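# A look at the structure
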Amino acid sequence: MQNAPSIEEQMEIHRRMILTRRLEEILGGLAKDGKTRGPLHRCDGQEAVGVAGCMALRANDYVCTTHRGHHVYVGKGMDPRRIVAEIMGRETGYCRGRGGHMLLGDASTGMIGGNAIVGAGIPAAAGMALSIQVMKEDRVAMAVFGDGAAQTGIAHEAMNMAGLWKLPVIFLLENNQYGLTVRQEVQSPVEDLFIRAAGYGMPGLKVDGNDVVAVYQAVAEAAARARRNDGPTLIEAKTYRMQGFSTSDMGGYQSEAEMAPWRDRDPIRLSAETLSKSIGSEAVAEIAEAAEVEIQAAFALALADPFPVFEFHRPSGAYTEV
Amino acid sequence: MAIMRYAEALNAALREEMGRDPRVFMFGEDIGRYGGVFKVSRGLMDEFGEGRIRDTPISEQALTAMAVSAAMTGTRPILEIMYADFVPLCMDALVNQASVFGYLWEGQIEIPFVLRTQGGGGVGTGAQHAKSLDVFLAHIPGIKVVAPVTPADAKGMLKAAIRDPQPVIFLEHKLLYNTRGEVANEEDVLVPLGKARVAISGTDISIFASSKMVVEAEAAAKLLAKDGIGAEVIDLRTLRPLDLSAIKASIAKTHHAVVVNEGWNFCGYVSELSATIMDHCFDDLDAPVSRVAMPDMPIPYSEPLEAAVIPNASRIAEAARRTLA
Ligand SMILES: Cc1ncc(C[n+]2csc(CCOP(=O)(O)OP(=O)(O)O)c2C)c(N)n1
Ligand SMILES: [Mg+2]
């Protein structure tokens, strides 16, 4: 298979997906106990998109994500302890408690960053690709964004320019079937959104977003294309959001009948099945055990970390006085 | 009269106005089946159907421009923008379309739409979901901006806004939706736009505020009363057009003023209030006007950081004491 992940890479994808899932589950528990602040947008069921998508990139490639970006954070190699610390508002978090779970940024892994203005990551990645093109760097940029974000005007403007200028950018559309509470068919007259690529002169393709190998291959191929200066790619990864919109979501609009088949296609379960065939089920179980130890330690350390102390942000200030 | 939550008062206003005028329709993100993320439009889709209560894609820029032109051509649209932080995406339609054509084509067209949105911080929603951008909107000629604090005003002013021939921006606050108060049941009780309200009367200092900052100003007045200071709290209710006579009357009595807004200080709504008071009440003032606003920086997420930036009762009381000192 061309551009397929190696066994070692598949093991690492599996590990990062478990880290992400356990992060979500533990956060969900803390939220229920009233120990978190603001809404949390969990990505349970969508781990393959963010993790395998980011693993197909290099360390110095850029990625932009959304309000629902925990899988991208972990996928790009960020430290779970500092992710948790940020979400819990601690000084040791990636933004020293300033950002919160939607707005993490980590320039050292190229993850800049989470964004809670729907659609904003799409031109952001295109702009990074523009910078790469101007500087003639061997890098690519990737936007991970939702089916809801795909309907924004800015998505069209950014994709048009990316196609026009052959920018080294990957548009990874994570179609989890829902905007906030409304199904995709209430937001778009067409079911497949990748077909829009034709209007921007770029390849468009659909992949199974719960299959890590399919996601990895598609992104790796798109990255190779971008590095050859052949321009952008639109990849639509079909997946499903298992835990509602957010922790402040009252739910009721995702039916059990709709969710059940997706539960059977849990990306972590599918990845475990595939991996077992090559490394055996014991080795797969060991990955999960090690991930559990790591995530527990991340929470224990982060929750013991101090809160930040307020300081005025001087560069934002409106006066000089000499 | 009935006791209602702020969100229920808005819901009642929407239901009554949609019932009385078939030209009124509402659109916005997640407002239909789900009833809006703050539940303001709960039940309306069942009552009025998918034609008049529309769930939309995430398309603020086009939605606002469509509200403007739909209003020009015979309907009375109500557009919900989920967070005030997204209002910058709506700006061209307001600044270059609604404002301009209301003047250039005066006498030929009217633009009777309402843009409802909610802002404000305090609950950890972070730098892109907690802002108060009142001043961005109040800056635009030809557009009214209202920000009621009580459920009664929420209902009466939303009804007045829907019936108004001009564009009206209706600013709500995420921490007000669950507050309760007495609300008129009658369909014909409107609260006029452009009129302030004396929330607490006093003789020593005037505190001018709107929306949730009125609650903070009222709490500040209680703190000040313990020190024997009689603060008058003026609930502006409408940010544009501003009720100048209410401002003048209060300052003529107290000779001191504190102006409050949850948005930024620099070029902020507080700056306009301060300048307006200087322009019109200078001779009545015994001390400079004090501003209480958001520090000029993005809103941080972590609890101790966010608490340090959001204007509150103690900062208002402190400003009042400084002004009187
Ligand atoms: C410009 C803008 N409009 C509206 C919102 C409110 N909002 C947050 S997430 C969301 C739905 C996004 O859907 P999608 O892009 O599919 O992402 P998902 O939540 O499914 O991951 C909406 C409407 C926002 N944050 N920004
Ligand atoms: Mg979605």
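Residues numbered from 1 in each chain as written. Chains lettered and ligands numbered in written order. Predicted model: local features only at pLDDT ≥ 70, side-chain atom pairs only at ≥ 80, totals over all residues. Heavy atoms only, no water.

### What about the overall build of chain A?
The criterion, for reference: A run of DSSP states H or I qualifies as a helix once it reaches four residues; a run of E qualifies as a strand once it reaches two. Both are numbered from the N-terminal end. Each radius of gyration is computed over the set of C-alpha atoms, and the globule rule expresses the reference value as 2.2 Å times the number of residues to the power 0.38. Burial classification: accessible surface area is computed with a 1.4 Å probe over protein chains only, and a residue below 20% of its type maximum counts as buried, one above 50% as exposed, and the rest as partly exposed. Contacts are residue-level and defined by heavy atoms, with any inter-residue pair within 4.5 Å sufficient.
Of the regular secondary structure elements, chain A holds ten helices and seven strands. For a compact globule of 322 residues, the expected C-alpha radius of gyration is about 20 Å, and chain A comes in at 19 Å, within 12% of that figure. Overall, the C-alpha framework of chain A stretches about 65 × 50 × 40 Å when taken along its three principal axes. Within chain A, buried positions represent 57% of all 322 residues. Sequence separation of at least 24 residues holds for 74% of the intrachain contacts in chain A that already meet a minimum separation of 6.

### Digging into the domain arrangement of chain B
For interface size, the figure often reported is the accessible area lost on association. Residues and elements named next belong to chain B. For the record, the criterion: Domain delimitation in this document rests on an assignment produced automatically or drawn from a domain database. As a working definition, buried area equals the accessible area (1.4 Å probe) given up by two parts on being put together, with both sides summed. Note on definitions: salt bridges are taken to be side-chain nitrogens of Lys or Arg within 4 Å of carboxyl oxygens of Asp or Glu.
For chain B, the assigned domains are domain 1 (2-183) and domain 2 (197-324). Between the C-alpha centres of domain 1 and domain 2 there is a distance of 26 Å. The partner domain 2 presents 23 residues to the 32 residues of domain 1 that form the contact. When the area that domain 1 buries against domain 2 is broken down by residue, the three leading residues are V135, A147 and V149, summing to 21%. Across the domain 1-domain 2 interface, the total number found is two salt bridges. For D153, the salt bridge identified is with R237, shortest N-O distance 3.0 Å.

### Description of the interface of chain A and chain B
Convention followed: Asp, Glu, Lys and Arg are counted as charged, while Ala, Val, Leu, Ile, Met, Phe, Trp, Tyr, Cys and Pro are counted as nonpolar; the rest, among them Gly, fall into the polar class.
Taken together, the contact pairs 41 residues of chain A with 35 residues of chain B. Around 3,000 Å² of area is buried between chain A and chain B when both sides are counted, 63% of it from carbon and sulfur atoms. Contact with chain B buries surface across chain A, with R37, I117 and F310 of chain A losing the most and accounting together for 24% of the total. Between chain A and chain B we count one salt bridge in total. E306 of chain B is the salt-bridge partner of R37 of chain A, the closest N and O atoms lying 2.9 Å from each other. Classifying every residue of the side of chain A that touches chain B by side-chain character gives 20 nonpolar, 15 polar and six charged.

### Things to note about the side chain of D61 of chain A
Residues and elements named next belong to chain A. What counts here: Any pair of nitrogen or oxygen atoms within 3.5 Å is treated as a polar contact; in protein, a donor-acceptor pairing is required on top of that, and neighbouring residues in sequence qualify only through side-chain atoms on both sides.
Within the secondary structure layout, D61 lies in the loop between α2 (47-55) and β1 (62-64). D61 gets classed as buried once you look at its relative accessible area, which sits at 0%. Within the local environment of D61, its side chain forms a polar contact with the backbone nitrogen of V140, the two atoms lying 3.0 Å apart. Those residues within four positions of D61 in sequence are excluded, and the remaining contacts are K76, T109, G110, R139, V140 and R227.

### Re the sheet that holds strand β11 (residues 231-235) of chain B
All names here are of chain B. What counts, and what does not: Two strands form a pair only when DSSP identifies at least two bridges running between them. Throughout, an axis means a line fitted to C-alpha atoms (over the contacting stretch in the case of helices), and angles, computed between N-to-C directions, take values from 0 to 180 degrees.
The five strands are arranged β9-β11-β10-β13-β14 in an open sheet whose pairing can be described as mixed. Only two strands of the sheet have a single partner each, and these edge strands are β9 (197-200) and β14 (290-294). Pairs of neighbouring strands in the sheet enclose a mean axial angle of 25°, with direction left out of account. Against the sheet, helix α7 (residues 212-226) contacts β9, β10 (205-209), β11 and β13 (257-264), and its axis sits at roughly 170° relative to β11. Sitting on the sheet, helix α8 (residues 244-254) is in contact with β10, β11 and β13, with an inclination near 155° to β10.

### Here's the deal with helix α3 (residues 60-72) of chain B
All names here are of chain B. This is how the line gets drawn: Each helix should span, by expectation, one fewer than its residue count multiplied by 1.5 Å.
Taking 1.5 Å of rise per residue, 13 residues should cover 18 Å, and α3 covers 19 Å from first to last C-alpha, within 8% of that figure. When we look at burial in α3, the residues that qualify are E60, L63, T64, A67, V68, A70 and A71. Looking at the buried positions of α3, the neighbouring elements they touch are β2 (24-28), β4 (76-81), α4 (91-104) and β5 (114-119). Immediately downstream of α3, the backbone of G74 shows phi near 110°, a positive value.

### Side note on the coordination of the magnesium ion (ligand 2)
All names here are of chain A. Cut-off, in case you're wondering: Each metal site is built from N, O and S donor atoms within 2.8 Å (3.2 Å for Na, K and Ca), and since water is not included, such sites may look incomplete.
Taken together, D147 (OD), N176 (OD1) and Y178 (O) make up the protein donors of the magnesium ion (ligand 2), found 2.0 to 2.1 Å from the metal. Mapping the donors of the magnesium ion (ligand 2) onto the primary sequence gives the spacing D-x28-N-x1-Y. Taken together, the residues span a long stretch of sequence, with D147 in the loop between β4 (141-146) and α6 (153-165) and Y178 in the loop between β5 (169-175) and β6 (204-208) at a distance of 31 residues. For D147, a relative accessible area of 1% corresponds to the buried category.

### Let's talk about the pattern of salt bridges
Evaluated as defined, the whole model comprises 43 salt bridges over all chains. A salt bridge links D192 of chain A to K238 of chain A, with the nearest nitrogen and oxygen atoms 2.8 Å apart. Of this pair, D192 of chain A sits in the loop between β5 and β6 while K238 of chain A sits in strand β7 (residues 233-238); the two residues are 46 residues apart in sequence, bridging distant segments of the chain. For the pair formed by D192 of chain A and K238 of chain A, the shared burial category is buried. Of the charged contacts, one joins E47 of chain B and R15 of chain B as a salt bridge, the two residues approaching to 2.6 Å between their closest N and O atoms. With E47 of chain B in helix α2 (residues 44-48) and R15 of chain B in helix α1 (residues 6-20), this pair connects stretches of sequence that are 32 residues apart.

### Topic: the confidence of the model for chain B
Rule in force here: What pLDDT conveys is the predictor's confidence in a given residue, as a value from 0 to 100.
Scored by pLDDT, chain B comes out at a mean of 98, with 100% of its residues at no less than 70. Model confidence for the complex is summarised by a pTM of 0.97, with the ipTM given as 0.95.

### Considering the sheet that holds strand β6 (residues 144-146) of chain B
Residues and elements named next belong to chain B. Here we have seven strands laid out as an open sheet, ordered β3-β2-β4-β5-β7-β6-β12, and mixed in their pairing. With partners counted over all chains shown, the strands left at the sheet margins are β3 (53-55) and β12 (238-240), one partner each. Within this sheet the neighbouring strands show an average axis-to-axis angle of 20°, counted without direction. Here three bridges tie β2 to β3, and the two strands are oriented parallel to one another. Of the residues in β3, the one forming a bridge with G28 is D55.

### Some remarks on the site of ligand 1
Heads up, the condition is: Only a single heavy atom is needed: when it lies within 4 Å of a molecule or strand, its residue is near that molecule or strand. Where accessible areas are quoted, they stem from the Shrake-Rupley method and a 1.4 Å probe; at the residue level, only the protein chains shown are allowed to cover.
Close to ligand 1 lie 22 residues, the nearest being H67, R68, A116 and G148 of chain A together with E60 of chain B. The backbone of A116 of chain A places a nitrogen or oxygen atom 2.7 Å from a nitrogen atom of ligand 1. Within the side chain of D147 of chain A, one N or O atom sits 3.0 Å away from an oxygen atom of ligand 1. Compared with its free state, where it exposes 580 Å², ligand 1 has 97% of that area covered by protein.

### Looking at unusual backbone geometry
All names here are of chain A. With an omega of 5°, the peptide bond between I112 and G113 qualifies as cis. Relative to the elements of secondary structure, G113 occurs in the loop between β3 (111-112) and α5 (121-134). The residue Q177 is not glycine, and still its phi comes out positive at about 80°. Position of Q177 relative to the elements: it lies in the loop between β5 and β6. With a relative accessible area of 16%, Q177 lands in the buried category.

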